[in-house]
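Structure at a glance
Residue strings, one per chain:
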Amino acid sequence: MQDRRHFLKAAALSAAALSLDGVSKAAPYVKPSKAKPMVLSTWDFGRAANLAAWEILKNGGRALDAVEAGVKVPEADPNNHTVGYSGYPDRDGRVTLDACIMDELGNCGSVAALEHITHAISVARLVMEKTPHVMLVGDGALQFALSQGFKKENLLTPESEKAWKEWLKKSEYKPVMNIENSSYGAEKETTFNPLKLPGNVYNHDTIGMVAMDAEGNLSGACTTSGMAFKLHGRVGDSPIIGAGLYVDNEIGAATSTGVGEEVIRIVGSHLVVELMRQGYSPENACKEAVTRIVKKNPARAKGLQVGFLAVNKKGQHGAYCLQKGFNYAVLSNDSNNVLIDGKSYFPG
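Residue positions within a chain follow its written sequence, with the count starting from 1. Two thresholds apply to this predicted model, a pLDDT of at least 70 for residue-level local features and 80 or more for giving and counting side-chain atom pairs, whereas whole-chain, interface and lining totals are computed over all residues. Processing note: side-chain calculations cover all non-hydrogen atoms of the structure and skip hydrogens and water entirely.

1. A short note on the side chain of Asp-98
The helix count covers DSSP runs of H or I at least four residues long, the strand count covers runs of E at least two residues long, and both are numbered beginning at the N terminus. Relative to the elements of secondary structure, Asp-98 occurs in strand β2 (residues 97-102). For Asp-98, which is buried and forms no salt bridge, the nearest opposite charge comes from Lys-230, at a distance of 4.5 Å. A polar atom in the side chain of Asp-98 sits 2.8 Å from the backbone nitrogen of Ala-113. When checking whether two residues touch, look at their non-hydrogen atoms; a contact exists if any pair is within 4.5 Å. Once residues lying within four places of it in the same chain are set aside, the contact partners of Asp-98 are Val-111, Ala-112, Ala-113, Cys-222, Thr-223, Thr-224, Arg-234, Val-235, Gly-236, Ser-238 and Pro-239. When accessible area is computed with a 1.4 Å probe and restricted to protein chains, residues below 20% of their type maximum are described as buried, those above 50% as exposed, and intermediate ones as partly exposed. Under the counting rule used here, the positive set is Lys and Arg, the negative set is Asp and Glu, and His together with the chain ends is not counted. Salt bridge, as used here: a side-chain nitrogen of Lys or Arg that lies within 4 Å of a carboxyl oxygen of Asp or Glu. Throughout this description, a polar contact denotes any pair of N or O atoms lying within 3.5 Å of each other; where both atoms belong to protein, one of them has to be capable of donating a hydrogen while the other can accept it, and for residues adjacent in sequence the pair is counted only when both atoms sit in side chains.

Below, the structure is given as structure tokens:
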């Protein structure tokens, strides 16, 4: 019996030694190489926003800091009438802003119907970082912003006020597809201007931005002054986590632009990320989200514009929209801030 015990013990020790020897001969652990940083944003003015974000990303900065810095560019641009300062007002002549931001940890912050503060995205970030809440709205959002040192200002520029007064002559409230490609005139509800075709400096809409930093972490931001001449108090998808923006650091990130009501109805950006979780490519995930909008109401979808933009953890990106005219900008070490046209459901 004693010999048997010695035999079993020796066998166990030999097996352990072989196992350890096998480990010692295995390839040493190699830390994964860093990801390739990149930033993507909606519309042609996203290129200027991308440049600001890239200054942070190329130096190893965090994606969250990059997307905030990036979208602050169009927020402060007086020539952009659908984001931040100089945004077109609501039907009562009040400029109200919506924005949200989300980081790689699932932290998020949002403001809606915020007045008198240009950089709504920065207020949204402080909601995320300094309050137990996700969203603040209206006067509450303004009070919070002022308490954090933001200065109250007039966002209604003379040009935007003039456009609003022209609109008042008919006061017809309805979404106008690709409104960024039209200008308001005294004689017609909308006067088409060929200089405002998609892809040039006059093409404006909500800006959504998603970025990956050198650590492979994702973040996103979305900011807008909303639909021109909307009903006072109207809030679209832009400040709603899961609708206008969603980030899941295991899978990817997505954002949207266009008529927010349609995006809210399908919780669009969250849907796109979940489809990527199921194995869809970014473009196909965006396409499926757009298709669901069409299925809900085909007749309504024909007169609206919605676009989705997405990136996955591999750095693959794609977009899809209802109507022709949507594009997005990509900046990375491999992509020199190129502008890409999104494929569309309707041929146009």
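2. Quick notes on the packing of helix α3 (residues 63-75) against helix α4 (residues 120-130)
In the contact formed by α3 and α4, the axes pass within 8 Å of each other and the chain directions differ by 150 degrees. Classified by the interaxial angle, the pair formed by α3 and α4 is roughly antiparallel. Two secondary-structure elements touch here, α3 through Leu-64, Asp-65, Glu-68, Val-71, Lys-72 and Glu-75 and α4 through Ala-120, Ile-121, Ser-122, Arg-125, Met-128 and Glu-129. Note on residue categories: nonpolar means Ala, Val, Leu, Ile, Met, Phe, Trp, Tyr, Cys or Pro, charged means Asp, Glu, Lys or Arg, and polar means any other residue, Gly included. The residue makeup of the contact of α3 with α4, split by class, is 5 nonpolar, 1 polar and 6 charged. Each axis is a line fitted through C-alpha atoms, and for a helix only the stretch in contact is used; angles between axes span 0 to 180 degrees, taken between their N-to-C directions. Angle categories are assigned with fixed cut-offs, so that under 35 degrees is roughly parallel, over 145 is roughly antiparallel, 65 to 115 is roughly perpendicular, and the rest are oblique.

3. Examining the pattern of salt bridges
Applying the stated criterion across every chain, the model contains 17 salt bridges. A salt bridge links Asp-103 to Arg-62, with the nearest nitrogen and oxygen atoms 3.1 Å apart. Of this pair, Asp-103 sits in the loop between β2 and β3 (108-114) while Arg-62 sits in the loop between α2 (46-57) and α3, placing them 41 residues apart in sequence. Asp-103 gets classed as buried once you look at its relative accessible area, which sits at 2%. A relative accessible area of 28% means that Arg-62 is categorised as partly exposed. Across the salt bridge formed by Arg-94 and Glu-115, the nearest N and O atoms sit 2.8 Å from each other. One end of the pair, Arg-94, is in the loop between α3 and β2; the other, Glu-115, is in the loop between β3 and α4, with 21 residues separating them in the sequence. Judged by relative accessible area, which is 35%, Arg-94 ranks as partly exposed.

4. As for the pairing of strand β1 (residues 38-42)
Counting buried positions along β1 gives 5 out of 5 residues, so the element sits mostly inside the fold. Neither face of β1 is exposed, since Met-38, Leu-40 and Thr-42 on one face and Val-39 and Ser-41 on the opposite face are all buried. Paired strands, as defined in this entry, are two strands with at least two bridges between them according to DSSP. Bridging between β1 and strand β7 (residues 207-212) involves 4 bridges; their strand directions are antiparallel. Of the residues in β7, the one forming a bridge with Ser-41 is Met-209. Across 5 bridges, the pairing between β1 and strand β13 (residues 327-332) is antiparallel. Note that in β13 the partner of Leu-40 across the bridge is Val-330.

5. Digging into a nonpolar patch on the surface
The grouping of Val-134, Met-135 and Val-137 at the surface amounts to a nonpolar patch, some 230 Å² of accessible area in total. As for its position among the elements, Val-134 is in the loop between α4 and β4 (135-137). Residue classification places Val-134 among the partly exposed residues on the basis of a relative accessible area of 38%. Only residues whose relative accessible area exceeds 30% and that form no salt bridge enter a patch; like-charged residues are grouped when within 9 Å of one another, and nonpolar side chains (Val, Leu, Ile, Met, Phe, Trp, Tyr) when within 5 Å. Computed with the Shrake-Rupley method and a 1.4 Å probe, the accessible areas treat only the protein chains shown as cover for residues.

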